[in-house]
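# Coordinates in review
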Amino acid sequence: MAEILCLTSGLMGIAYASFELTHRLEEAGHRVQYGSPRPIADLAEANGIQYKQLAPVNFFPAGQEHVGGGLVQRLRKWKDRLVQRKQRRVEAVEALGMDEFAHFLRTTSPDLIIIDIELHEHIMTAVAMGIPTVLLSQWFSLWQQPGLPPLMQQTIPGEGWRGSSWGLAWTWWCWRWQRRWIFGKKSLRTVGTHRRAILREYARKIGFSHRYIPHNYWPGPFTYSGLPMISMTMQEMEFPHVAHPNLTYVGAMVNDQRRDVKHDNTIDSQLSSVFARCEQEGNHLICCTVSTFKAGDTVFLQRLIAAVGRRPEWRLVVGLGAKLKVTDLGEIPENVHPFPWIPQLKVLAKADCSINHGGIHTINECIHCRVPMLVYSGKRSDQNGCAARVHYHQLGIMADKDRDDSATIELKIENVLENPSFRESLERMHQQYEGYHQKEVLTSYVVEFLDQQAKQQTIGMTD
């Protein structure tokens, strides 16, 4: 079998999902080494993953820009950047620190690299070295396709003017020009030494073809048009469309046996008590996880807590994350249980409703546990698009954290809890989710990809 290298950014959601991907490949007989520029060795090792620590990503290779001072001072800084532009670009390319990574690839010589679509300099290095490379995405389609809005939008195709074919085309046009405007301002301000420009310069230096980098850039620097990509989502969760030829959906990756390094026996004991009371009193259990909400979203949580506080037949478990504190929430009713962190899968296994921010990994875990959702998008990255897909497929309700008052939140929770159509839709989607594993979509894709690479190599040697 193959020697495979799996590299991700190491953010918690994609880390857990890619651990499951790694285990499935290992079960199929492949040898997989995992790497990340984030220090997640303890998490990887706790989950039985062979781990390689990569150097941190340099997000400011030309130096972090210091904005401030008067107009004259800013103009002088800009002039200095202009005069030093060529030398700064050379130094910034070196500051990306890819020599060490290239040496690692030469010494390990993997048969295949599966690599997070956000690790741009790592992608360029691997492809330029001729190593078979498959991009790894945690998102739905990022390309403009008939019937698809941009993933950052809450637009639902077929609903209203924005959901019409003209509306979708207009939305894409506006989105592209917005991104061009943002990057154009960065380029002007930094005189072409912002991260996107430096990555382009690095691509030119190592011979990474610019045909791989189209202009339909994701909120990060690039998307890639000419490289194969697998998505840890389900095509059945998408809006109806013809999938991009480079994209293969390998299904949601959820490991219900995973180990959390944050494991806390005290929290486990308190949660067990909450579960027991729900069972004894016949309460509905609501799980709310808002780890990526901003500190300012405490207003929404206060409204949510007030809504649940009026319904003694409900119990709410809230996982706050690092940015929010229990003391920020005001008076806590008896049937609300806030925690700094919760083992999400353990709570979802008992829950009747999930209130979440629209993160795809939480949504996939709700499908795994068959839990209907009330999605209050965090309005970052793909969260709007994920919320819209939950709503479209009737797996729950899409709502607005900035507009819904306490009474509205209460009514929407009641709808999610009482409407049987959500659970029926979830049951159908759960069967689709299970089918990806049963059909071994991921492992079949890897075998076919490696076979194609071997045939191409044979043809090349013959020629």
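Right, let's walk through the structure included here. (Residues numbered from 1 in each chain as written. Predicted model: local features only at pLDDT ≥ 70, side-chain atom pairs only at ≥ 80, totals over all residues. Heavy atoms only, no water.)

We now examine the overall build of the chain. Scanning the chain for helices and strands turns up 16 helices and 13 strands. In terms of C-alpha radius of gyration, the chain reaches 24 Å, essentially the compact-globule figure of 23 Å for 463 residues. With respect to the principal axes defined by its C-alpha atoms, the chain has extents near 70 × 65 × 50 Å. Per-residue burial over the chain gives 53% buried out of 463 residues. For the chain, restricting intrachain contacts to residue pairs at least 6 apart in sequence, the fraction spanning at least 24 positions comes to 66%. Total accessible area computed for the chain in this model is approximately 21,400 Å², and 52% of it derives from carbon and sulfur atoms. Placing the 51 positive and 48 negative side-chain charges of the chain at their respective mean positions leaves the two points 12 Å apart. (Helix = DSSP H or I, 4+ residues; strand = E, 2+ residues; numbered from the N terminus. Rg over C-alpha atoms; globule rule 2.2 N^0.38 Å. Buried < 20%, exposed > 50% of the residue type's maximum accessible area, 1.4 Å probe, protein only. Contact = heavy atoms within 4.5 Å. Areas by Shrake-Rupley, 256 points an atom, 1.4 Å probe, with all protein chains shown as cover. Lys, Arg positive; Asp, Glu negative; His and termini not counted. Charge placed at Lys NZ, Arg CZ, Asp CG, Glu CD.)

Let us look at the side chain of Thr155. As for its placement among the helices and strands, Thr155 is situated in the loop between strand 5 (133-137) and helix 7 (165-190). In contact with Thr155, not counting residues within four places along its chain, are Pro149, Arg162, Gly163, Leu168, Phe239 and Ala388.

Here seven strands make up an open sheet; going across it, the order is 3-2-1-4-5-6-7 and the pairing parallel. A single partner strand is all that each edge strand has here, and the edge strands are strand 3 (51-53) and strand 7 (247-249). Across the sheet, the mean angle separating the axes of adjacent strands is 25° when strand polarity is ignored. Both strand 2 (residues 31-36) and strand 3 contribute to a ladder of three bridges, which runs parallel. Among the inter-strand pairings, Ser36 is bridged to a residue of strand 3, identified as Gln53. Contacting strand 1 (3-7), strand 2, strand 4 (112-116), strand 5 and strand 6 (229-231), helix 1 (residues 12-27) runs over the sheet at an angle of about 165° to strand 2. Contacts between helix 6 (residues 120-128) and the sheet are confined to strand 4 and strand 5, with strand 4 contributing the most and set at about 160° to the helix. (Pairing = 2+ DSSP bridges. Axes fitted to C-alpha atoms, helices over the stretch in contact; angles between N-to-C directions.)

Counting residues in hydrophobic clusters, the biggest one holds 80 residues, and the most contacted among them are Met124, Phe208, Tyr224, Met237 and Ile367. Considering every element that reaches this core, the biggest residue donor is helix 9 (residues 265-281), with five residues. Apart from the residues lying within four places of it in its own chain, the contact partners of Ile367 are Met234, Met237, Leu395, Leu426, Met429, His430 and Tyr433. Within the second largest apolar cluster, 30 residues are counted, among which are Phe19, Leu43, Tyr51 and Ile230. (Core = buried A, V, L, I, M, F, W, Y, C linked by side-chain atoms within 4.5 Å.)

Next up on the list: the sheet that holds strand 10 (residues 336-339). Spatial ordering of the open sheet is given by 10-9-8-11-12-13, a layout of six strands whose pairing is parallel. The outermost strands of the open sheet, each flanked by one partner alone, are strand 10 and strand 13 (396-399). Taking each pair of neighbouring strands and ignoring which way they run, the sheet shows an average axis angle of 15°. With three bridges joining them, strand 11 (residues 353-356) and strand 12 (residues 373-376) adopt parallel strand pairing. Bridged to Asn356 within strand 12 is Val375. Against the sheet, helix 10 (residues 298-309) touches strand 8 (284-289), strand 9 (314-319), strand 10, strand 11 and strand 12, its axis set at about 160° to strand 9.

Attention shifts here to the pattern of salt bridges. All told, the structure shown has 25 salt bridges when counted by the stated rule. For the salt bridge of Arg310 with Glu410, the shortest nitrogen-to-oxygen distance reads 3.0 Å. Of the two residues, Arg310 sits in the loop between helix 10 and strand 9 while Glu410 sits in helix 14 (residues 406-418), which places them 100 residues apart along the sequence. Overall, Arg310 belongs to the partly exposed group, its relative accessible area being 43%. One salt-bridge network, in which partners are shared between bridges, spans Asp297, Lys379, Asp400, Lys401 and Asp402. (Salt bridge = Lys/Arg side-chain N within 4 Å of Asp/Glu carboxyl O.)

In this section: the environment of Ile267. Tracing the backbone shows Ile267 in helix 9. Residue Ile267 is classed as buried on the basis of its relative accessible area, which comes to 7%. Considered as a pair, Ile267 and Trp341 are 74 residues apart in the sequence and their alpha carbons are 8.3 Å apart. Setting aside its immediate chain neighbours within four residues, Ile267 contacts Phe339, Trp341 and Pro343.

The values are spatial; any link to function lies outside them.
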